[in-house]
Amino acid sequence: MPIFLLLTVAVTAQAANPKYDKALADSVGADAYGMKMYVLVILKTGQNKTANKTLSDSLFAGHFQNIWRLATAGKLAVSGPIKENDKGYRGIFILNCKTVEEATLLLATDPAISSKLLDAEMFQWYGSAALPLYLPFHDKVRRNDF
């Protein structure tokens, strides 16, 4: 009887999802759990504390342009600011790449990071492979461009 119970639990635990869409799963790089590896980036206030507002504004304008470029290229799944806090955290990215090394190359294109106005801490993160699919809907709910 215990063997029968074990087999029943094993079969039940691996029951197929009736909503599974193989073509969609393959298109987003999902594993059997519908998940994949990303890189989570926590942006912090950087070491460069320039008082030159014109320069700072220009670098942050480039930062926002880079966000849109990475999102359009499918390399940025999520981004957004963090409310002011005592840790110096400024925002997050979830980059659609598997390694910190690849994320480092993507972040090198951001002028606010390369100029050290922002510093980045990076971690591999395992999340839903469907995460980037929300981006087309974001364009339908935002009223203004940056």
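Residues numbered from 1 in each chain as written. Predicted model: local features only at pLDDT ≥ 70, side-chain atom pairs only at ≥ 80, totals over all residues. Heavy atoms only, no water.

### Quick look at helix α3 (residues 53-72)
Look at α3: 28 Å from first C-alpha to last across 20 residues, which is about the 28 Å you get at 1.5 Å a residue. Listed in full, the buried residues belonging to α3 are Ser-56, Leu-59, Phe-60, Gly-62, His-63, Asn-66, Ile-67, Leu-70 and Ala-71. By the N-cap criterion, in which a side-chain oxygen at the helix start approaches the backbone nitrogen of a residue two or three places on, α3 is capped by Asn-52, the distance to Thr-54 being 3.1 Å. Where α3 ends, the next residue or the one after it, Gly-74, has phi of about 80 degrees, a positive value. (Helix = DSSP H or I, 4+ residues; strand = E, 2+ residues; numbered from the N terminus. Expected span 1.5 Å × (residues − 1). Buried < 20%, exposed > 50% of the residue type's maximum accessible area, 1.4 Å probe, protein only. Polar contact = N/O pair within 3.5 Å; in protein donor to acceptor, adjacent residues only side chain to side chain.)

### Quick look at the nonpolar core
The biggest cluster of nonpolar side chains holds 19 residues, and the ones touching the most others in it are Val-41, Leu-76, Phe-93 and Leu-95. Sorting the residues of this core by element identifies β1 (35-45), α3, β3 (89-95), α4 (100-107) and α5 (111-114) as the ones contributing at least two each. Among the elements that take part in this core, α3 stands out by supplying 5 residues, more than any other. For Val-41, the residues in contact, after removing those within four places along its chain, are Gly-91, Ile-92, Phe-93, Leu-95, Leu-107, Ala-120, Glu-121 and Met-122. (Core = buried A, V, L, I, M, F, W, Y, C linked by side-chain atoms within 4.5 Å. Contact = heavy atoms within 4.5 Å.)

### Topic: the environment of Pro-111
For Pro-111, the location among the structural elements is in helix α5. A residue is classified by how much of its surface remains accessible, and Pro-111, at 22% relative accessible area, is partly exposed. Distance from Pro-111 to Asn-66, taken between C-alpha atoms, is 8.2 Å for residues 45 residues apart in sequence.

### As for the side chain of His-63
Within the element layout of this structure, His-63 appears in helix α3. Dropping the residues within four chain positions of it, His-63 is found in contact with Leu-43, Phe-93, Asp-110, Pro-111, Ala-112 and Leu-118.

### Notes on the packing of aromatic side chains
Given two aromatic rings, their pairing is described by the distance between the two centres and the angle made by the two planes. Under the counting rule described, the total for this entry stands at 1 aromatic pair. Measuring from centroid to centroid gives 5.7 Å for Tyr-38 and Trp-125, while their planes differ by 40 degrees, and the two rings are tilted. Remark: Trp-125 occurs in strand β4 (residues 118-128) and Tyr-38 occurs in strand β1; sequence separation between them is 87 residues. (Phe/Tyr/Trp six-rings, centres within 6.5 Å; stacked < 30°, edge-to-face > 60°.)

### Examining the pairing of β3
As paired elements, β1 and β3 share 6 bridges and run antiparallel to each other. Note that in β3 the partner of Leu-40 across the bridge is Ile-94. Here strand β2 (residues 76-81) runs beside β3; their pairing, made up of 5 bridges, is antiparallel. Paired with Gly-80 across the bridge in β3 is Ile-92. (Pairing = 2+ DSSP bridges.)

### A closer look at the sheet that holds β1
One open sheet holds the 4 strands; their spatial order is β2-β3-β1-β4, and the pairing between them is antiparallel. Edge positions in the sheet fall to β2 and β4, since each has one partner strand and no second. Taking each pair of neighbouring strands and ignoring which way they run, the sheet shows an average axis angle of 20 degrees. α3 contacts β1, β2, β3 and β4 of the sheet and is inclined by roughly 150 degrees relative to β2. Here α4 sits on the sheet in contact with β1, β3 and β4, set at roughly 135 degrees to β4. (Axes fitted to C-alpha atoms, helices over the stretch in contact; angles between N-to-C directions.)

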